[in-house]
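Fold and geometry: a report
Each chain, letter by letter, is given below.
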Amino acid sequence: MMKKKNSLMLGIVYLTIFLIYNLFVFLIFKGFNAVFWVSYAFMAAAYLLHIVCVLSIAKNLSVRAVFFGIPLGAFSVYFVAAEFFASMVFMIFRRQAGVKAAVFVQAILLCVFIVIAVISIMARDAVQHVDSKIKENVSFIKGINVDVEMLLQRSSDAEVKGALRKLSETIKYSDPMSSSAVATQEQMIMQYLTELRVKFDAGDMAAVKELCPKIELLFVERNTKLMVSK
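Read on for a plain summary of the structure. (Residues numbered from 1 in each chain as written. Predicted model: local features only at pLDDT ≥ 70, side-chain atom pairs only at ≥ 80, totals over all residues. Heavy atoms only, no water.)

1. Thoughts on the overall build of the protein
- On a plain count of helices and strands, the protein comes out with seven helices and two strands.
- Order of helices (α) and strands (β) in the protein, N terminus to C terminus: α-α-β-β-α-α-α-α-α.
- Residues classed as buried in the protein amount to 33% of the 230 residues present.
- In the protein, of all internal contacts separated by at least 6 residues, the share reaching a separation of at least 24 is 75%. (Helix = DSSP H or I, 4+ residues; strand = E, 2+ residues; numbered from the N terminus. Buried < 20%, exposed > 50% of the residue type's maximum accessible area, 1.4 Å probe, protein only. Contact = heavy atoms within 4.5 Å.)

2. What to know about the side chain of Arg-94
- Mapped onto the elements of the fold, Arg-94 is located in the loop between helix 3 (72–92) and helix 4 (99–154).
- Despite its burial, Arg-94 pairs with no opposite charge, the nearest such side chain being Glu-83 at 15 Å.
- Of the polar contacts made by the side chain of Arg-94, one reaches the backbone oxygen of Lys-30; its length is 2.4 Å.
- Excluding anything up to four places from it in sequence, Arg-94 contacts Phe-29, Lys-30, Gly-31, Asn-33, Val-35 and Phe-36. (Lys, Arg positive; Asp, Glu negative; His and termini not counted. Salt bridge = Lys/Arg side-chain N within 4 Å of Asp/Glu carboxyl O. Polar contact = N/O pair within 3.5 Å; in protein donor to acceptor, adjacent residues only side chain to side chain.)

3. A short note on the packing of aromatic side chains
- Within the structure shown, the criterion is met by 16 aromatic pairs.
- Where Tyr-14 meets Tyr-47, the ring centres are 5.8 Å apart and the plane angle is 70°; that geometry is what we call edge-to-face. Of this pair, Tyr-14 sits in helix 1 (residues 2–28) while Tyr-47 sits in helix 2 (residues 34–59), and the two are 33 residues apart along the sequence. Assigned by exposure class, Tyr-14 and Tyr-47 land together as buried.
- Ring geometry for Phe-26 against Tyr-40: centres 5.5 Å apart, planes inclined by 55°, an arrangement best described as tilted. (Phe/Tyr/Trp six-rings, centres within 6.5 Å; stacked < 30°, edge-to-face > 60°.)

4. Focus on the side chain of Glu-216
- Relative to the elements of secondary structure, Glu-216 occurs in helix 7 (residues 205–229).
- Those residues in contact with Glu-216 that lie beyond four places of it in its chain are Ala-163, Lys-166, Leu-167 and Thr-170.

5. A look at the environment of Arg-197
- The residue Arg-197 is located in helix 6 (residues 183–201) in this model.
- Look at Arg-197 and you get partly exposed, because its relative accessible area is 28%.
- Those residues in contact with Arg-197 that sit more than four places away from it in its chain are Asp-147 and Leu-151.

6. Focus on helix 5 (residues 158–172)
- For helix 5, spanning 15 residues, the distance from its first C-alpha to its last is 21 Å, which sits close to the expected 21 Å at 1.5 Å a residue.
- Capping of helix 5 at its N-terminal end is provided by Asp-157; its side-chain oxygen lies 2.8 Å from the backbone amide nitrogen of Glu-159. (Expected span 1.5 Å × (residues − 1).)

7. Topic: helix 6
- The terminal C-alpha atoms of helix 6, which comprises 19 residues, lie 27 Å apart, in line with the 27 Å expected from a rise of 1.5 Å per residue.
- Every buried residue belonging to helix 6 is among Gln-185, Glu-186, Ile-189, Leu-193, Leu-196 and Phe-200, and all of these are buried. Down the axis of helix 6, the sector holding all buried residues measures 90°, keeping them to one side. Of the exposed residues in helix 6, the ones pointing more than 90 degrees away from its buried face are Gln-187, Val-198 and Asp-201.
- Directly beyond the C-terminal end of helix 6, a positive phi value near 85° is found at Gly-203. (Arc of directions from axis to C-beta.)

If you want it as structure tokens, here you go:
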């Protein structure tokens, strides 16, 4: 509800600014010609693009869209300011300036901003993809560790507790990233963990103590391969 209210308020603000701009332009200037209308159209397009950028940024606040360290939102403001200045100049000198010059200068501004916006959004999406992959892998590691911690809490055997605790530490400090290079190790880890739970539930603590070092070794092998592949 609050989000819809904020969106409505933002929409009112943008509409009000556009109405003020129109009021200013049509009260100040008289004798409209092709140069004026070209400049007005480019300014309206710039303002619309700025709103689209704001909406795109608002949909995903977890990862910022940036270009050479400058946020896309700031770039869109600079673009609108530059276009406003250029359009005002052409409107003021509309009788002296040619239509081709007005189109060329403002089209260059528009194209530069579109390129920057596309690159920024592509970079943001790439970062988001990597970030979501990291979160997925971190969740995978945490899930495994939770299983081991639960067995640790249920165990009453001191030796088994020690083996599970050591395994838990190994898992906790393992590399959260993953790749195809360690697919075999990860598959074997899951198989051994399933076997570990089965043996634990069956009360075969000797098998549990044997499995823990094997799983640890697989994690060490996995982490080493990941380190080499980076």
